[in-house]
Amino acid sequence: MTEKILASSAGVQEVRAGDTVTVDVETIVMLDSTFQPARLSEERWDDVISVRHPERIAIVLDHLVPANTEMTAQAHRLARQFAARFGITRLHDVGADQGISHVIVAENGYAIPGTVLVNSDSHACALGAFNCAAIAVGRPDMVYTAVTGQTWFVAGETVRYDLHGSLRPGVSAKDVFLMIAGRWGAHTGQNIEYGGPGIASLNMNARRTIATMGTELSANFSVFEPDDLMLGYLAERNPGAVPRPTMPDPDARYVARREIDLGAVEPLVALPDGVLNQTVAIAEVEGRRIDQAFIGSCANGMLDDLEAAAQVLRGRKVAPGTRLIVTPGSQAVYLAAVRSGIVEVLMDAGAIVTPATCGACFGGNLGVLAPDEVCITASTRNFKGRMGASSAQIYMASPATVAASAIEGRIARASGYFERD
């Protein structure tokens, strides 16, 4: 699928692994971090005299929202000025339509099936859930793409995953990723393709979780097959979009093709400082004391994730000495969680619910770890120093596992909390 999307966007007949290809970019996503540090960025962005397709650009303030320092505030202001200067109407400023960029792009239907999307955040492949070739690029490439409407790639080989069946209660899409990371490890420079009858059992939030975590597998692109669910989701949010749903050819060549029985996936935990080849059954780390539990990020800040946490936490309390921080992926998710009563359940249990932001996930604010603290997180990354002090230990798991661990003050399995219902 990725080769076909790149070929279509390049206007060529065929793209094969190893080819260098220049493509037209349908969607360009800039962030507050794109405009930081503000002093250096002002010099660079002032050199831009025009952008090729302002209607294809979205600017989303997400990493540090609301602004937590003077430099962050300057970056926010620069982003607003850039949007005004070039007539960019897709500006998601601090307010009702703000959130983590990949969530905002999904909620607004900016990711168009069969096209290329670039974002300056490393987890851009999240939008591959929409059959879109989405990838992160650095700031110089972002400037080039905004000005020319194009970028270039070296096409990688593709690994295909055929999904079958459906997940059992208490098992989440995050566990699917942890299973892949633990069993097959790095997919460096490769494209990941998801298909098979099992994707019909996964809603768009679950697909986005799996696609998002392609970054942690070191994949270039992480793309799902299109189906009616996805196309209906897009049509509801962006009726004017013209999708180009792209399926693989029957004789498509893969460097590997693997089967996953979703019904056989078990809840897992990634050990601190990485996920590749180091995920374990919960039993192996059960009882490990924690200081903080975090649920959020572009991978696990969706309403489904908050619902799973609320199901575990309802009528229970966070353990004394343990902090539970919950960050919705967007203000729209936050509002939906308020209206449904989820936020009340979380707060009654003792959780802190923050505004929609990347925040604690990358150690920016709203949940930074102190030296030697232990955290279990349902976010994107657990590298050393990712969420604060380099001596802190970060375990990664699903929202349900994180919620169960918060209740017990130690790493715990969530299965019992689902069985009680």
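This section reports on the structure supplied with the text. Each residue is numbered by its place in its chain's sequence as written, counting from 1. In keeping with the model being predicted, local features are shown solely for residues with a pLDDT of at least 70 and side-chain atom pairs are shown and tallied solely at 80 or more, while totals for entire chains, interfaces and linings include all residues. Excluding hydrogens and water, the side-chain figures rest on all heavy atoms present in the structure.

### What about the overall build of the protein?
Part 1: Across its full length, the protein holds 14 helices and 18 strands.
Part 2: Radius of gyration: C-alpha atoms only; globule rule: 2.2 Å multiplied by the number of residues to the exponent 0.38. Computed over C-alpha atoms, the radius of gyration of the protein comes to 21 Å, within 12% of the 22 Å expected from 2.2 N^0.38 for 421 residues, which places it in the range of a compact globule.
Part 3: Along the first, second and third principal axes, the C-alpha set of the protein runs to 55 × 55 × 40 Å.
Part 4: When the 421 residues of the protein are sorted by exposure, 58% land in the buried category.
Part 5: Whether two residues are in contact is decided by their heavy atoms, any of which lying within 4.5 Å being enough. If you take every contact in the protein between residues at least 6 apart in sequence, the share linking residues at least 24 apart comes to 77%.
Part 6: Exposure was quantified through the Shrake-Rupley algorithm and a 1.4 Å probe, taking into account, for residues, occlusion by the shown protein chains and nothing else. For the protein, the accessible surface area stands at approximately 15,700 Å², while carbon and sulfur atoms represent 50% of it.
Part 7: Of the side-chain charges in the protein, 35 are positive and 46 negative, and the distance between the mean point of each set is 2 Å. A run of H or I in DSSP becomes a helix once it reaches four residues, and a run of E becomes a strand once it reaches two; helices and strands are each numbered from the N terminus. When a residue's accessible area, from a 1.4 Å probe over protein chains only, is under 20% of the maximum for its type it is buried; when over 50% it is exposed; and in between it is partly exposed. In summary, the charge assignment counts Lys and Arg as positive and Asp and Glu as negative, without counting His or the chain termini. A charged residue contributes its charge at one atom only: NZ of Lys, CZ of Arg, CG of Asp or CD of Glu.

### Comments concerning the packing of helix α10 (residues 303–313) against helix α13 (residues 399–408)
Packed helix pairs are characterised by how far apart their axes lie and by the angle those axes make with each other.
Part 1: Each axis is a line fitted through C-alpha atoms, and for a helix only the stretch in contact is used; angles between axes span 0 to 180 degrees, taken between their N-to-C directions. Direction vectors running N to C along α10 and α13 enclose 35°, while the axes themselves pass 8 Å from each other. For the crossing formed where α10 meets α13, the hand is right-handed. Seen from α10, the contacting residues are D305, A309, V312 and L313; seen from α13, they are P399, A400, A403, A404 and I407. Note: crossing handedness is left-handed where the near helix turns anticlockwise from the far helix by less than a right angle, and right-handed where it turns clockwise.

### Examining helix α6 (residues 173–184)
Part 1: Expected span of a helix, by definition, is 1.5 Å for each gap between consecutive residues, and there is one gap fewer than residues. With 12 residues, α6 ought to run about 16 Å at 1.5 Å a step, and its terminal C-alpha atoms sit 17 Å apart, in line with that.
Part 2: Taking burial as the measure, the 12 residues of α6 include nine buried ones, the bulk of the element.
Part 3: Residues A173, K174, D175, V176, F177, L178, M179, I180 and A181 constitute the buried set of α6.
Part 4: The N-terminus of α6 is capped by S172, whose side-chain oxygen sits 3.1 Å from the backbone nitrogen of K174.
Part 5: Looking one or two residues beyond α6, the residue adopting positive phi is G185, at roughly 65°. Residues adjacent in sequence count toward polar contacts only when both atoms are side-chain atoms; beyond that, a polar contact is any pair of N or O atoms within 3.5 Å, and within protein one must be able to donate a hydrogen and the other to accept it.

### Focus on the nonpolar core
Part 1: What is meant by a nonpolar core is a set of buried Ala, Val, Leu, Ile, Met, Phe, Trp, Tyr and Cys residues, joined one to another through side-chain atoms within 4.5 Å. Among the nonpolar cores identified, the biggest contains 50 residues, and L127 and F130 are the most heavily contacted of them.
Part 2: In terms of residue count, α6 provides more of this core than any other element does, seven residues in total.
Part 3: Apart from the residues within four sequence positions on either side, L127 is in contact with H102, V105, A106, A111, L117, C132 and A134.
Part 4: Residues V280, I295, L306 and I411 belong to the second largest nonpolar core, which totals 41 residues.

### Some points on the environment of E157
Part 1: Along the chain, E157 falls in the loop between β7 (150–154) and β8 (158–164).
Part 2: Separated by 99 residues in sequence, E157 and A58 have C-alpha atoms that sit 30 Å apart.
Part 3: Once residues within four sequence positions are removed from consideration, E157 is found in contact with A17, G189, Q190, N191 and V255.

### Things to note about the state of the cysteines
Part 1: The definition used for a disulfide is geometric: two cysteine sulfur atoms within 2.5 Å. Evaluation of the coordinates by the stated rule reveals zero disulfides.
Part 2: The structure places no disulfide on C132, whose sulfur is separated from the nearest cysteine sulfur, that of C125, by 11 Å.
Part 3: With relative accessibility at 0%, the residue C132 sits in the buried group.
Part 4: Here C375 is not disulfide-linked; the sulfur of C361 is the nearest cysteine sulfur, at 10 Å.

### Focus: the packing of α10 against helix α12 (residues 342–349)
Part 1: In the contact formed by α10 and α12, the axes pass within 9 Å of each other and the chain directions differ by 45°. It follows from the interaxial angle that α10 and α12 lie oblique. When you trace α10 past α12, the crossing you get is left-handed. Mapping the contact onto sequence places L303, L306, E307, A309, A310 and L313 in α10 and I342, V345, L346 and A349 in α12.
Part 2: Classification used: nonpolar for Ala, Val, Leu, Ile, Met, Phe, Trp, Tyr, Cys and Pro, charged for Asp, Glu, Lys and Arg, polar for all others including Gly. Residue composition of the contact of α10 with α12, by class: nine nonpolar, no polar and one charged. When an angle is under 35 degrees it counts as roughly parallel; over 145 it counts as roughly antiparallel; between 65 and 115 it counts as roughly perpendicular; any other value is oblique.

### Considering the environment of M179
Part 1: Residue placement: M179 occurs in helix α6.
Part 2: Judged by relative accessible area, M179 falls into the buried class, the value being 10%.
Part 3: With 97 residues separating them along the chain, M179 and L276 place their C-alpha atoms 9.8 Å apart.
Part 4: Non-local contacts of M179, meaning those with residues more than four positions away in its chain, are made with W184, I260, V265 and L268.

### Structural notes on the sheet that holds strand β9 (residues 191–195)
Part 1: Taken together, the four strands give an open sheet; going across it, the order is β10-β9-β8-β11, and neighbouring strands pair in parallel fashion. Each having just a single partner strand, β10 (221–224) and β11 (256–261) make up the two edges of the open sheet. Across this sheet, the average inter-strand angle for adjacent strands is 20°, counted without regard to direction.
Part 2: Two strands pair under a simple rule: DSSP has to find at least two bridges between them. Taken together, the five bridges between β8 and β9 define a ladder with parallel strand orientation. Within β9, the position partnered with R160 by the bridge is E193.
Part 3: Strands in contact with α6 are β8, β9 and β11; relative to β11, the strand with the most contacts, it is inclined by about 135°.

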